[in-house]
Amino acid sequence: MSEPTNQAQLLVALQDLEDMISEAENPDQRAVLEEMGFPVQGIDELHAAQKNLEEQIQPGVLGKYRRLRKRTGKAVMPVVGGACTGCFTNVPHVFTSSVNKGKVIACETCGRILYWP
Amino acid sequence: MTVDELVQHLSAERFVSDFSAASKEEALEKLTEAVVAGSNMSDHATILQMLRNREQLGSTALSQGVAFPHGRSLAVTKLTLLVARSKAGVDFESEDGKSTHLFFVILAPPQDTGNYYLQALGKIAELVRKSEVCNGLMEAEDFDALATVLKEAG
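Everything numeric in this text was worked out from a predicted model, so none of it was measured.

Chemist: Is there a simple way to think about the overall build of chain B in this case?
Modeler: Regarding its fold elements, chain B presents 6 helices and 6 strands. A compact globule built from 154 residues should have a C-alpha radius of gyration of about 15 Å, and chain B, at 14 Å, falls within 12% of that. The C-alpha extent of chain B, read off along each of the three principal axes, is 35 × 30 × 25 Å. Within chain B, contacts between residues at least 6 apart in sequence are counted, and of these 69% link residues at least 24 apart. Working note: accessible area of chain B is about 6,300 Å², and carbon and sulfur atoms make up 44% of it. With 14 positive and 22 negative side-chain charges, chain B shows a spacing of 3 Å between the two charge centroids.

Chemist: I'm lost on the sheet that holds strand S3 (residues 105-106) of chain A in this one. Help?
Modeler: Within a sheet, adjacent strands bond to each other through the backbone by hydrogen bonds, running parallel or antiparallel. Residue and element names in this part refer to chain A. One open sheet holds the 4 strands; their spatial order is S2-S1-S4-S3, and the pairing between them is mixed. Looking at which strands have only one partner, the edges of the open sheet turn out to be strand S2 (83-84) and S3. With 2 bridges connecting them, strand S1 (residues 76-80) and S2 associate as antiparallel partners. Across the sheet, valine 80 pairs through a bridge with alanine 83, a residue of S2.

Chemist: Sorry if this is basic, but what is going on with the interface of chain A and chain B here?
Modeler: Bring the parts together and some accessible area is lost; that lost area is often taken as the interface size. Across the contact, 32 residues belong to chain A and 34 residues belong to chain B. Carbon and sulfur atoms make up 62% of the surface buried where chain A meets chain B, a total of about 2,800 Å² over both sides. Inspection of the region where chain A meets chain B yields 1 salt bridge. For A:Glu23, the salt bridge goes to B:Arg72, with nearest N and O atoms at 2.2 Å. Applying the counting criterion to the chain A and chain B interface returns 7 residue pairs in polar contact (both at pLDDT 80 or more). At the level of secondary structure, the elements contributing two or more residues to the side of chain A that touches chain B comprise helix H1 (7-25), helix H2 (27-35), helix H3 (43-56) and S1 of chain A. Counting residues per element, the side of chain A that touches chain B draws most heavily on H1(A), at 9 residues. The residue makeup of the side of chain A that touches chain B, split by class, is 20 nonpolar, 7 polar and 5 charged.

Chemist: For this particular structure, what's the right way to read H1(A)?
Modeler: Every α-helical turn comprises 3.6 residues, leaving residues that sit three or four positions apart pointing alike. Residue and element names in this part refer to chain A. Taking 1.5 Å per residue as the helical rise, H1 with its 19 residues ought to reach 27 Å, and the 27 Å between its terminal C-alpha atoms agrees with that figure. The element H1 is extensively covered by neighbouring structure, given that 17 of its 19 residues are classed as buried. Between a side-chain oxygen at the N-terminus of H1 and the backbone nitrogen of alanine 8 the separation is 3.2 Å; the capping residue is asparagine 6.

Chemist: Any chance you could explain the side chain of B:Asn53 here in plain terms?
Modeler: Position of B:Asn53 among the secondary structure elements: in helix H3 (residues 44-57). In this structure, B:Asn53 is in contact with A:Leu17, A:Met20, A:Leu46 and A:Ala49, ignoring residues within four places of it in sequence.

Chemist: How should I be thinking about the nonpolar core in this particular structure?
Modeler: For soluble globular proteins, nonpolar side chains are generally found buried alongside one another. A:Val76, B:Phe68, B:Phe104, B:Leu107 and B:Leu137 are the most contacted members of the largest nonpolar core, which has 85 residues in total. At 9 residues, the largest contribution of residues to this core is made by H1(A). Discounting residues that sit within four places of it in the chain, B:Leu107 has contacts with B:Val35, B:Met41, B:Ile47, B:Met50, B:Leu51, B:Gly71, B:Val76, B:Lys78, B:Leu79 and B:Thr80. If you look at the next biggest cluster of nonpolar residues, it comprises 9 residues, including A:Val79, A:Ile105, A:Cys107 and A:Trp116.

Chemist: Where do I start with the pattern of salt bridges in this structure?
Modeler: All names here are of chain A. This model, assessed by the stated rule, comprises 13 salt bridges over all chains. Here glutamate 18 ties to arginine 66 by a salt bridge, and the two come within 2.6 Å at their closest N and O atoms. With glutamate 18 in helix H1 and arginine 66 in helix H4 (residues 59-72), this pair connects stretches of sequence that are 48 residues apart. Accessibility expressed as a relative area gives 30% for arginine 66, which makes it partly exposed.

Chemist: Can you walk me through the pairing of S1(A) in this structure?
Modeler: All names here are of chain A. Of all 5 residues that make up S1, 4 are buried, and the element is covered over most of its length. For S1 and strand S4 (residues 113-115), the ladder comprises 3 bridges, and the chain directions are parallel. Paired with proline 78 across the two strands is tyrosine 115, which belongs to S4. Hairpin connection from S1 to S2: 2 residues lie between these consecutive antiparallel strands, with glycine 81 at a positive phi of about 60 degrees.

About the cut-offs
Chains are numbered independently. Their residues run from 1 in the order of the written sequence. The order in which chains are written sets their letters, starting at A; the order in which ligands are written sets their numbers, starting at 1. Side-chain atom pairs in this predicted model are given and counted only at pLDDT of 80 or more, local residue features only at pLDDT of at least 70, and totals for whole chains, interfaces and linings cover all residues. Each side-chain value is derived from all of the structure's non-hydrogen atoms; neither hydrogens nor water enter the calculation. By definition, any uninterrupted DSSP run of H or I lasting at least four residues is a helix, any uninterrupted run of E lasting at least two residues is a strand, and each is numbered from the N terminus. Within these notes, the globule rule equals 2.2 Å times the number of residues to the 0.38 power, and the radius of gyration is based on C-alpha atoms. In this analysis, two residues are considered to be in contact whenever any of their non-hydrogen atoms come within 4.5 Å of each other. Note on areas: Shrake-Rupley with a 1.4 Å probe; residue coverage comes only from the protein chains shown. Charged residues are defined here as Lys and Arg on the positive side and Asp and Glu on the negative side; His and the ends of the chain fall outside this count. Taken as the charge location is NZ of Lys, CZ of Arg, CG of Asp or CD of Glu. Pairing between strands is defined by DSSP: at least two bridges between them are needed. Defined in terms of a 1.4 Å probe, buried area is the accessible area two parts forfeit on being brought together, summed over both. When a carboxyl oxygen of Asp or Glu lies within 4 Å of a side-chain nitrogen of Lys or Arg, that pair is called a salt bridge. Under this definition, polar contacts are N or O atom pairs within 3.5 Å; protein pairs additionally need one hydrogen-donor-capable and one acceptor-capable atom, and for neighbouring residues in sequence, both atoms have to be side-chain atoms. Three classes are used: nonpolar for Ala, Val, Leu, Ile, Met, Phe, Trp, Tyr, Cys and Pro, charged for Asp, Glu, Lys and Arg, and polar for all others, with Gly counted as polar. Any helix carries an expected span of 1.5 Å times its number of residues minus one. For every residue, the accessible area (1.4 Å probe, protein chains only) is compared with the maximum for its type, and the residue is labelled buried under 20%, exposed over 50%, or partly exposed between those bounds. Remark: nonpolar core denotes a set of buried residues (Ala, Val, Leu, Ile, Met, Phe, Trp, Tyr, Cys) joined through side-chain atoms within 4.5 Å.

Now the structure itself:
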């Protein structure tokens with residue numbers, strides 16, 4: 001349980017991390033955290049962690065993620081109630097079967113990478 | 001967020017009254033395990049990774065011996081809180097170097113657009129600034145008593 005291992009988990013970890021970096025670099029969000037007493041000082045460490053994650057992701061998968069990030073903002077979206085939360089289209093059950101667990105599967109409608117924990 | 005709304009997100013199932021860990025890493029692992037147990041979340045590794053990253057940004061252990069491991073992850077389905085209490089204390093690398101005795105884990109999905117997790121974080125951080133509240137939380141006999149301490153403080 002200690003670290004994400006499969007490609008889908010690594011992409012989720014990368015998106016979580018990049019969102020965290022964006023928040024930390026946003027002056028308003030940063031001010032909110034600092035006002036509550038939480039120091040924001042390790043952004044360089046987060047960038048290093050981002051690089052480390054990127055190195056574990058297959059180049060083709062990372063390229064797809066980057067293109068989606070640029071085009072849609074969120075490259076990876078969770079499947080909730082059988083639907084992609086990016087476009088709210090139902091996802092065929094076979095996509096999210098246990099056989100595909102950890103694989104990088106894209107939504108047929110919006111192209112985003114699906115995640116079902 | 002009011003104290004009553006905050007308490008609604010807490011539960012006896014997510015209250016660890018006798019928490020212990022030998023290190024910050026072990027504490028994060030055990031807290032992740034506890035918060036995921038009995039929930040519909042299953043991706044321990046991704047949640048743990050997010051909490052580790054958050055600690056890299058800056059320790060979430062504040063003064064008064066209270067820490068707030070928190071953040072957003074796609075592996076989280078809804079705003080989820082856990083309270084853990086350690087009589088012996090844990091070295092959670094707080095700014096003041098003192099042991100941490102109370103942990104409030106706050107997890108939210110990225111689509112928490114109302115920033116409820118920040119509201120929850122802010123409310124708890126405000127409440128535990130008072131040492132008598134921390135003492136009350138440490139001495140509470142069970143979850144109901146702990147909830148009462150929070151409600152009376154708010």
